[in-house]
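Tertiary structure, described
One letter stands for each residue in the lines below.
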Amino acid sequence: MTMTAETTSSERSTAVAVRLEGVAKTFGDTGRNTGTVVALDRLDLTVAPGEFVCVLGASGCGKSTLLNIVAGLDEPTTGTVTRDTARPAMMFQDSALMPWLSAVRNVELPLRLNGFGRSARRATALELLDLVRLSDAAGKRPHELSGGMRQRVALARALAATHQREGERGRALLLMDEPFAALDAITRDVLQAELQRIHRRTGTAVLFVTHDVREAVRLGERIVLLSSRPGRVVAEWRNDGHGEDFRHALTEEINARLREAISTHGTP
Amino acid sequence: MTMTAETTSSERSTAVAVRLEGVAKTFGDTGRNTGTVVALDRLDLTVAPGEFVCVLGASGCGKSTLLNIVAGLDEPTTGTVTRDTARPAMMFQDSALMPWLSAVRNVELPLRLNGFGRSARRATALELLDLVRLSDAAGKRPHELSGGMRQRVALARALAATHQREGERGRALLLMDEPFAALDAITRDVLQAELQRIHRRTGTAVLFVTHDVREAVRLGERIVLLSSRPGRVVAEWRNDGHGEDFRHALTEEINARLREAISTHGTP
Amino acid sequence: DRATGDTGGSGGQDKGAAAEVRLGYFPNVTHAPAIVGVDRGLFTGRLGATKLTTQTFNSGTDEANALLGGSLDIGFIGSGPAINAFAKSGGTIKVISGAVSGGAQLVVKPDITTPAQLKGKTVATPSKGNTQDVSLKKWLSQNKLTDQVNVANLDNPQTFDAFRKGDVDGGWLPEPWSSRLVVDAGAKVLVDEKSLWPQGRFPTTVVVVRSQFLAEHPATVKAVLQGTVDAIDWAGAHPAEAATAVNDGIEKLTHSKLSQAVLDRAFSGITLDIDPDSATYSQLAQDSVTAGVVKTAPGLQGFLDLKTLNELLAGQHRPALDAAGLGNG
Amino acid sequence: MAHPDHVADLDAVRSGLDVLDAPPAPTARRPGRRFARTVLPPLVAVVVAVAVWQLLWAAAFWPEYKLPAPLTVWDEFWARVSDGSVFGIVWTSMHRAVIGFAVGVVIGTPLGLLVARLPLVRSAIGPLLSGLQSLPSVAWVPAAVLWFGIKDGAIYFVVLLGSVPSIANGLVSGIDQVQPILLRVGTTLGAGRLAAARHILLPAALPGYLAGLKQGWAFSWRSLMAAELIAVSPQLGLGLGAYLEQGRSFSDMPTVFAAILLILFVGIGVDLLLFRPLERSVLRARGLAPA
Amino acid sequence: MAHPDHVADLDAVRSGLDVLDAPPAPTARRPGRRFARTVLPPLVAVVVAVAVWQLLWAAAFWPEYKLPAPLTVWDEFWARVSDGSVFGIVWTSMHRAVIGFAVGVVIGTPLGLLVARLPLVRSAIGPLLSGLQSLPSVAWVPAAVLWFGIKDGAIYFVVLLGSVPSIANGLVSGIDQVQPILLRVGTTLGAGRLAAARHILLPAALPGYLAGLKQGWAFSWRSLMAAELIAVSPQLGLGLGAYLEQGRSFSDMPTVFAAILLILFVGIGVDLLLFRPLERSVLRARGLAPA
Ligand SMILES: Nc1ncnc2c1ncn2[C@@H]1O[C@H](COP(=O)(O)OP(=O)(O)OP(=O)(O)O)[C@@H](O)[C@H]1O
Ligand SMILES: Nc1ncnc2c1ncn2[C@@H]1O[C@H](COP(=O)(O)OP(=O)(O)OP(=O)(O)O)[C@@H](O)[C@H]1O
Ligand SMILES: [Mg+2]
Ligand SMILES: [Mg+2]
């Protein structure tokens, strides 16, 4: 239940970007007697600064809930969350663009909120839209965009939110909830590469939720598997081998473990 | 521009479930000088009764627009759409559940609208929720569900909409827009199998949009590739071979063609 | 320990003529002296350098509130609201002169010819507890008709409409509405209120002033009173012209005018007179108790201040008026 | 950072508190807490307001007739309560307002639906509705008296002309905010025009519609007050509007204030007992519960 | 099925028409079409209404005093127009309404924001706002006259007590309908409390807020009409409310009807020229454009 955003340089806070200890989250009955749902229970997870961690798990196991807690949007029912980063940037599962702003202004919004000047804002936003291959949709409103385009605008917006003004303390943290789910294989390929490039260049720590095991193996330095009901870390892999074969083997292993984790529960 | 829902038994109408001829769709400027977008252009596509057709294409190429036109929700700017089925059931890209209805009542809604009795409704809805592995979330409101759970409720609802009362004419048509995008690999596996079973059992024609080439190869009897800007059918495959190898080869071929189709355009 | 009012008593000293005097009245025949005085420049003539600002009202209560709130200095106002405002404000205002007396009648459907026929019928008065309401209720009790006649309180125009529609069978109304009912809607007079008062006189419109204004600017008050006297004198000398002048004044203010027949009848029913009929107020106050609209009669000590008026009258060698014991003493 | 054990202890305490806070099932404590949260604050607000009023009065800035003492107003109010006439007054107005409002809803809802969904109707009578909304109720009084007589009919006529446009407009703007995707879903699920209105449009527009109803209630109530001034007669009974007018015509500020307070109480009561719970449950059900 | 060639022909024609219909760029034709779509239908509605009125009158169901002839009303109206006084009348009311409404927005908006976002404030003064909304404007007239005198101040006091609660309530219900996800997005993008209000809450609540503003305008306009009855003086000028009252106080139905028509016209004009375009553009921008 404590949310500490520490910046004092204790021996631990320099070593982690995010630390969750014994985190549990129960969604209470809102009065309609549907009972409570234990989404997360006694979950421990650490993300090192600059680390790229992928989270896998069955649908409804609590991945989005986990990201919300890390972002400080929800309070855990019990347990502690320690974060030694600047305000985390988050990309939500549904793109959640501001419907009254055009694509470029959606991307500008975090820059505006963080006090960037008008021209810097516009330039950065257009750059990011170009990155997600949407330069020529800059002036469109969300309802005029396709599902995948909306997701890409949301990606650009989340990336914009990691931009820090000079003097801002803390290293960036990026939380991404199935960011490429609505994209075709090729666009996804391109954007995975871009994301990796940005991650390497800026040293941003990334907590990345996905359903695509191959994506997790491609991107993640560490891969974490959550069980469902309640969500808890049941397996972890370091992605430190090399070559196509290692990857293939890892993918197979994770897939098998995932199947096992899901089938031990009544409902996947 | 003509939308004909024919039921007279001419020699052609018995042969197709849906026929699109020279269909084009231009989204007009809504007054903010962002220019017009040609989403589809001179698109021809035929779906045979009971056929399972998968549609692939880059993000923003016009797949959702195509489904909307087939469903009769949008009018094509030019071209003709002929449909020889009952009212098509559609599963939208975003789950679009009614926020004021619980999961089970969302699934009941199409049954209610089509005049099923109260108890038949409830029984069918619970059956379908069980099918999508959500029996114990029946009483939850959409905002209490995870992204993947919402998508599964939407799937159950779309399946419910294919249920016809006795005496209803026309065979069912199911339009699905990336129905499994938010699901983990295992759940997706299970639901793909269920969908295939339903398709085989009921002879429902399915037009299925996906970004996952392997999914398309697994499910589709025919696979159609759309180009982008403007969307047009650039390649088609019949998925009539057998064995793991055939599938693998087809997947590779489609992937290559997809990459080519996308890279011939400035923006993917 | 509380102040009785920021303008209470007659504190304050003579500051000479005011720079501006704000005068309120209704665009109505019962306010004829004000309309004539304003229209013919009789006030401005007497006021000299003092600027005259006029405001017209539709409701005596609003005008009384305006006086109490200090946004009006002198007002032509019905005797009912004047009594009320005096009683409620503890002497913030005073009556300094009369203006119009008479002009209220019980008019009814032509088939009603005796009081007894009113049993079970509906009679309208302008509002609960106002002069006509009290008069009707007193008259009803004198005729032993209390509780046998429905008394409805309606705005005068609504009474007119309702009478034409047949929803009410009569009304105890001030001019010009009694005349309108008679002339435009075929009503007949059952009782003329004049017949109930000594010499047929009862105050309809009086002139009131804020006590503080009177104390600070007696000269200005005197000038306005002088204008009032001038208007009444002129109207007395030229009755026909006066009626027309009033009608023109009303039209100027409201874009509407009375028909000639109504105007003539209404004018003949009222008397323009500076005499405030001092003796009637105690009776009026007592009547409202009799009629059961209030429990205790308001004390009216100090309600009248006829000093200025009497000075004026003395200057014209006319007899002084008596405050009937309601003066400042 | 605090010692882990200590943190754990604290957490135990806090989570213990949380259990009290987030009721796992509707417990008996709930009504009490609810009372504390919904009834107490407005009460405190009222007490503060009265205190300020008393202070202003005691400072004697203004003479008594400009600002009556709270106690004088209370006396007048209490006199009405103790002789029982207040119940008659409130009942007269209340039942008229409820009937008028109900009829207004019955007429305004289909009207709003038509205006919202038929572009022709919208451009033809949409502006007229807004125009009617801005017509003061007194404007209709002469016509009402002439057309309906001094009867309840005239009062309802005036009330309806106040409430119907406002309710219809509320529904229109509620419908305008409905996500179009929901209507498209409705179509693919097989909803005809009427079924879509009943099963999708109206429930989807409910939050906006409720807001409109609230404003519509305010309009009908105000129109009623104006209509009750038409006439005070034994047949029509004495309503709140007439009671207010009585105070006004006697220049009797305590009565005017007592009437204002009564009208306020009724307004607050209707809001607390009717609209607030409705709104809460509608918003809650959609995950939009207010902060 | 029709012959394909024939269908193609027809399609060519239709698509040709469509090109005219869906303007690829804002053309000169647009204003004309817009006029046809927004101004014509209400005009037709008015013409139909007048025709019915004339018929009713000609049938002589009712005596002239119950239903004046359209022509008589027109004569009265035209008399006011030709002597120019109508402009003064409308201007007097209009500029007061605009000022009162603007001040109402300036006060009501932060008030609504506070009520919507601070639970304590909401439960303390939320019901009070609704209560105030249902207080008729006339209730405040005696107090306004006593406290502010016969000045514009009294009029604005009455108008503000009408508009502020309604505008605040409109904003509250607009905010209540905002998707909570948007506020969470705002938080992760780095919005503080104020920035979130400015950049997310207010724009997100805009459609509901606009609906509230529309009702708020109606409230201020009606309150103004009530306030203008207090007094007519050279300083205060003759407004629409006073004009209406003049007709009323003479039982002069043509004047009453002319005043009603004038008020209607102003209301319709404000709706057509201000609120409708605002609403359209707000809804359009969000893909919620009305059917
Ligand atoms: N309402 C609209 N107004 C304007 N443009 C639109 C509208 N709807 C879609 N478009 C445009 O049409 C094109 C095709 O959109 P569509 O949604 O069909 O793509 P899609 O193939 O479904 O893409 P995705 O895989 O990302 O969902 C896009 O460029 C989009 O910007
Ligand atoms: N606001 C809420 N109220 C009640 N229950 C909730 C709420 N939010 C989430 N849940 C429940 O918590 C569980 C975990 O949800 P969460 O959204 O974290 O899943 P997820 O892992 O992101 O799934 P997906 O992959 O489908 O997005 C689900 O069972 C869900 O029903
Ligand atoms: Mg999720
Ligand atoms: Mg799509």
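Residues numbered from 1 in each chain as written. Chains lettered and ligands numbered in written order. Predicted model: local features only at pLDDT ≥ 70, side-chain atom pairs only at ≥ 80, totals over all residues. Heavy atoms only, no water.

If you check an unreviewed UniProt entry, chain D appears there as ABC transporter permease from Amycolatopsis pigmentata. Per its UniProt entry, chain D bears the Subcellular location (unreviewed entry) comment "Cell membrane". Looking at the Sequence similarities (unreviewed entry) heading of the UniProt record, one finds this comment for chain D: "Belongs to the binding-protein-dependent transport system permease family." (UniProt positions renumbered as here; feature names shortened; annotations may be inferred.)

Looking at an unreviewed UniProt entry, one finds chain A named ABC transporter ATP-binding protein, with Amycolatopsis pigmentata as its source organism.

**Describing the site of ligand 1**
S146 and G148 of chain A together with K63, S64 and T65 of chain B are the nearest of the 22 residues found near ligand 1. More than one chain lines the surroundings of ligand 1; the residues nearby belong to chains A and B. K63 of chain B places a main-chain nitrogen or oxygen 2.6 Å from an oxygen atom of ligand 1. Contact with the protein chains covers 90% of the free accessible surface of ligand 1, which is 640 Å². Of all the secondary-structure elements, those providing two or more residues to the shell around ligand 1 are α4 (147-162) of chain A together with β3 (37-47) and α1 (63-71) of chain B. Grouping the amino acids of the shell around ligand 1 by side-chain chemistry returns 6 nonpolar, 11 polar and 5 charged. (Near = heavy atom within 4 Å. Polar contact = N/O pair within 3.5 Å; in protein donor to acceptor, adjacent residues only side chain to side chain. Areas by Shrake-Rupley, 256 points an atom, 1.4 Å probe, with all protein chains shown as cover. Helix = DSSP H or I, 4+ residues; strand = E, 2+ residues; numbered from the N terminus. Nonpolar A, V, L, I, M, F, W, Y, C, P; charged D, E, K, R; others polar.)

**A closer look at the relation of the copies chain D and chain E**
Mapping chain D onto chain E leaves a residual RMSD of 0.2 Å; the transformation is a rotation of 180° accompanied by 0.0 Å of translation along its axis. Here the two chains are linked by the operation of a two-fold rotation axis. Most of the interface of chain D is mirrored in chain E: 99% of its interface residues are interface residues there too. (Least-squares fit on C-alpha atoms with pLDDT ≥ 70 in both. Contact = heavy atoms within 4.5 Å.)

**Some thoughts on the site of ligand 2**
Among the 21 residues in the neighbourhood of ligand 2, the closest are listed as K63, S64 and T65 of chain A together with S146 and G148 of chain B. Those chains with residues close to ligand 2 are chains A and B. The contact in question runs from an oxygen atom of ligand 2 to an N or O atom on the side chain of S64 of chain A, over 2.5 Å. Taken together, the elements giving at least two residues each to the shell around ligand 2 come down to β3 (37-47) and α1 (63-71) of chain A together with α4 (147-162) of chain B. Looking at the shell around ligand 2 residue by residue, the class counts come to 5 nonpolar, 11 polar and 5 charged.

**Brief notes about the relation of the copies chain A and chain B**
Turning chain A through 180° and shifting it by 0.0 Å along the axis lays it on chain B, with an RMSD of 0.0 Å. A high fraction, 100%, of the interface residues of chain A reappear at the interface in chain B, so the copies pair face to face through one surface.

**Thoughts on the packing of helix α5 (residues 85-117) of chain E against helix α6 (residues 119-133) of chain E**
Residue and element names in this part refer to chain E. Two elements in contact, α5 and α6, have axes whose closest approach is 6 Å; the angle formed by their N-to-C orientations is 120°. Our classification of the angle between α5 and α6 gives oblique. On α6, the residues that touch L111, L114, V115, A116 and R117 of α5 are P119, V121, R122, I125, G126 and L129. (Axes fitted to C-alpha atoms, helices over the stretch in contact; angles between N-to-C directions. Parallel < 35°, antiparallel > 145°, perpendicular 65-115°, else oblique.)

**Focus: the coordination of the magnesium ion (ligand 4)**
Here the magnesium ion (ligand 4) is held by the protein donor atoms S64 of chain B (OG) and Q93 of chain B (OE1), which lie 1.9 to 2.2 Å from it. Of this pair, S64 of chain B sits in helix α1 while Q93 of chain B sits in the loop between β6 (89-91) and α2 (103-113), and the two are 29 residues apart along the sequence. (Donors = N, O, S within 2.8 Å, 3.2 Å for Na, K, Ca; no water.)

**A look at the nonpolar core**
In terms of nonpolar packing, the biggest core is built from 425 residues, with L20 of chain A together with L20 of chain B touching the most fellow members. Setting aside anything within four residues of it in sequence, one finds L20 of chain A in contact with L43, D44, L45, L66, I69, V70, T80 and V81 of chain A. (Core = buried A, V, L, I, M, F, W, Y, C linked by side-chain atoms within 4.5 Å. Buried < 20%, exposed > 50% of the residue type's maximum accessible area, 1.4 Å probe, protein only.)

**Regarding the sheet that holds strand β1 (residues 20-25) of chain C**
All names here are of chain C. Pairing is mixed across the open sheet formed by 6 strands, whose spatial order is β2-β1-β3-β10-β4-β11. Every other strand in the sheet has two partners, leaving β2 (51-56) and β11 (270-272) as the edge strands with one partner each. Each adjacent strand pair in this sheet contributes to an overall mean axis angle of 25°, direction not counted. Direction of pairing for strand β4 (residues 93-102) relative to β11: antiparallel, over a ladder of 3 bridges. What sits directly across from V100, in β11, is L272. (Pairing = 2+ DSSP bridges.)

**Quick word on a nonpolar patch on the surface**
All names here are of chain D. A cluster of nonpolar residues, L40, L43, V44, V48, V52, L56, F61 and W62, forms a patch on the protein surface that exposes about 710 Å² of accessible area. By secondary structure assignment, the location of W62 is in the loop between α3 (40-59) and α4 (70-82). Overall, W62 belongs to the partly exposed group, its relative accessible area being 32%. (Patch = residues over 30% accessible without salt bridge, like charges linked within 9 Å, V, L, I, M, F, W, Y side chains within 5 Å. Salt bridge = Lys/Arg side-chain N within 4 Å of Asp/Glu carboxyl O.)

**Describing the sheet that holds β6 of chain B**
Residue and element names in this part refer to chain B. Pairing is mixed across the open sheet formed by 6 strands, whose spatial order is β6-β7-β8-β4-β9-β10. The two strands at the open ends of the sheet, each matched to only one other strand, are β6 and β10 (233-238). Ignoring strand direction, the axes of neighbouring strands in this sheet form an average angle of 15°. The sheet contact formed by strand β9 (residues 222-226) and β10 spans 5 bridges and is antiparallel. When the bridges of β10 are listed, V224 appears paired with E236. Most of the contacts of helix α7 (residues 243-263) go to β10, to which it runs at about 180°, and overall it touches β4 (52-57), β9 and β10.

**Notes on the packing of aromatic side chains**
Residue and element names in this part refer to chain C. One pass over the full model with this rule turns up 33 aromatic pairs over all chains. Centroid distance F86 to F303: 5.2 Å. Interplanar angle 65°. Geometry classified as edge-to-face. With a gap of 217 residues between them, F86 in helix α4 (residues 79-89) and F303 in the loop between α12 (280-290) and α13 (307-315) connect regions that are remote in the sequence. There is no split in this pair, since F86 and F303 are both buried. (Phe/Tyr/Trp six-rings, centres within 6.5 Å; stacked < 30°, edge-to-face > 60°.)

**Notes on the interface of chain A and chain B**
Residue-level contacts link 40 residues of chain A with 40 residues of chain B. Of the roughly 3,200 Å² buried between chain A and chain B on both sides combined, carbon and sulfur atoms contribute 50%. Inspection of the chain A/chain B interface yields 1 salt bridge. Inspection of the chain A/chain B interface yields 9 residue pairs in polar contact (both at pLDDT 80 or more). The set of elements that each furnish at least two residues to the side of chain A that touches chain B consists of α4, α5 (185-202) and α7 (243-263) of chain A. Considering each element in turn, the side of chain A that touches chain B owes the most residues, 5 residues, to α4 of chain A. (Buried area = accessible area lost by both parts, 1.4 Å probe.)

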